[in-house]
Amino acid sequence: EESKQILVLGLDGAGKTSVLHTLASNSSCHSMAPAPGFNAVSIDAGGRPMEFLEIGSSELLHSSWETHLSKGLLLIFVVDSADHDRLPEAKKYLHQLIQANPVIPLVVFAHKQDLEGAYHITDIHEALALSEVGNDRKVFLFGTQVTEKAASAEIPSIMEDIKDLIVHLAANGCNQTQAHGDLCD
Ligand SMILES: Nc1nc2c(ncn2[C@@H]2O[C@H](COP(=O)(O)OP(=O)(O)OP(=O)(O)O)[C@@H](O)[C@H]2O)c(=O)[nH]1
Ligand SMILES: [Mg+2]
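Residues numbered from 1 in each chain as written. Chains lettered and ligands numbered in written order. Predicted model: local features only at pLDDT ≥ 70, side-chain atom pairs only at ≥ 80, totals over all residues. Heavy atoms only, no water.

## With respect to the UniProt feature "binding site: GTP" (unreviewed entry) in the chain
Here is step 1: Mapped onto the present numbering, the UniProt feature "binding site: GTP" (unreviewed entry) falls on G10, L11, D12, G13, A14, G15, K16 and T17.
Here is step 2: Structurally, D12 can be placed in the loop between β1 (5–9) and α1 (16–24).
Here is step 3: For D12, a relative accessible area of 47% gives the class partly exposed.
Here is step 4: Not counting residues up to four positions away in its chain, the partners in contact with D12 are S57 and R86.
Here is step 5: Secondary-structure assignment places G13 in the loop between β1 and α1.
Here is step 6: With relative accessibility at 55%, the residue G13 sits in the exposed group. (UniProt positions renumbered as here; feature names shortened; annotations may be inferred. Helix = DSSP H or I, 4+ residues; strand = E, 2+ residues; numbered from the N terminus. Buried < 20%, exposed > 50% of the residue type's maximum accessible area, 1.4 Å probe, protein only. Contact = heavy atoms within 4.5 Å.)

## Some thoughts on the site of ligand 1
Here is step 1: The full set close to ligand 1 counts 15 residues, and K16, T17, S18, D114 and V146 are the nearest of them.
Here is step 2: In isolation ligand 1 exposes 650 Å². Once the protein is present, 63% of that is buried.
Here is step 3: At 3 residues, α1 tops the list of elements feeding residues into the shell around ligand 1.
Here is step 4: Split into classes, the residues belonging to the shell around ligand 1 amount to 4 nonpolar, 6 polar and 5 charged. (Near = heavy atom within 4 Å. Areas by Shrake-Rupley, 256 points an atom, 1.4 Å probe, with all protein chains shown as cover. Nonpolar A, V, L, I, M, F, W, Y, C, P; charged D, E, K, R; others polar.)

## Details of the pairing of strand β3 (residues 38–45)
Here is step 1: Of all the 8 residues making up β3, 7 are buried; the element is thus mostly covered by neighbouring parts of the structure.
Here is step 2: Between strand β2 (residues 29–32) and β3, which pair antiparallel and follow one another directly, the connecting turn spans 5 residues, one of which, G37, has a positive phi of 85°.
Here is step 3: Hairpin remark: β3 followed by strand β4 (residues 48–55), antiparallel, with 2 residues in the connecting loop; positive phi at G46, about 60°. (Pairing = 2+ DSSP bridges.)

## Section: helix α3 (residues 87–99)
Here is step 1: Between the first and last C-alpha of α3 there are 18 Å, a value that for 13 residues agrees with the 18 Å anticipated at 1.5 Å per step.
Here is step 2: Of all the positions in α3, only L87, A90, Y93, L94, H95, L97 and I98 are classed as buried.
Here is step 3: Those residues of α3 that are buried lie in contact with β1, α2 (65–71), β5 (74–80), β6 (106–111) and α4 (121–127). (Expected span 1.5 Å × (residues − 1).)

## Observations regarding the UniProt feature "binding site: Mg(2+)" (unreviewed entry) in the chain
Here is step 1: As annotated by UniProt and renumbered to match this structure, "binding site: Mg(2+)" (unreviewed entry) occupies T17.
Here is step 2: Considering the arrangement of structural elements, one finds T17 in helix α1.
Here is step 3: Not counting the four nearest positions on each side in its chain, T17 is found in contact with N39 and E54.

## Overview of the coordination of the magnesium ion (ligand 2)
Here is step 1: Note on the magnesium ion (ligand 2): its protein donors are T17 (OG1) and E54 (OE). The metal-donor distances range over 2.0 to 2.2 Å. On the criterion of sequence distance, the pair formed by T17 in helix α1 and E54 in strand β4 is long-range, its members being 37 residues apart.
Here is step 2: Overall, T17 belongs to the partly exposed group, its relative accessible area being 31%. (Donors = N, O, S within 2.8 Å, 3.2 Å for Na, K, Ca; no water.)

Laid out in structure tokens, this is it:
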């Protein structure tokens, strides 16, 4: 059986790899690049491996992204909260992605909160039209940052909390087959 993946997506430069590194710190993990534009990281979560797959946004145009989305456990979407000009593009991209899977839980990282002018999560919620991502979907939104100072120190507690949530969602989240049963109530 194919292992289920947690997908890490977002526009180029949004901070996908940085977020993955932070989630992986304090855990045993190994990473590899299965193909250009792909970055696979396996993180040990209490003895249970969790597979993360970062896919570069340019790869999605010519790869099997719909298959990845339809089979994924969870979608992590990273957005640069300070890059106001590209928010419409990020919104369009996100809505295109989630069309491929009406129930995959969505965790949005309103990232780079340390930057001046970064939008707060309420503005990001609006800009990405998160109220329109579907009624059958669990949606979470966090303001995050990975500064160099933080990278050298302990994993920020918000990241620990998000990681706990991701572990929980990955273990209990709805996928398409479960959605037809009663496991998602
Ligand atoms: N200020 C600030 N910069 C960040 C933060 N997170 C990442 N960056 C910077 O943003 C740039 C892109 O980060 P990556 O993690 O490589 O982004 P990515 O989405 O993986 O990029 P690609 O894989 O190239 O599409 C790098 O220069 C990071 O140092 C953050 O929280 N705050
Ligand atoms: Mg990257």
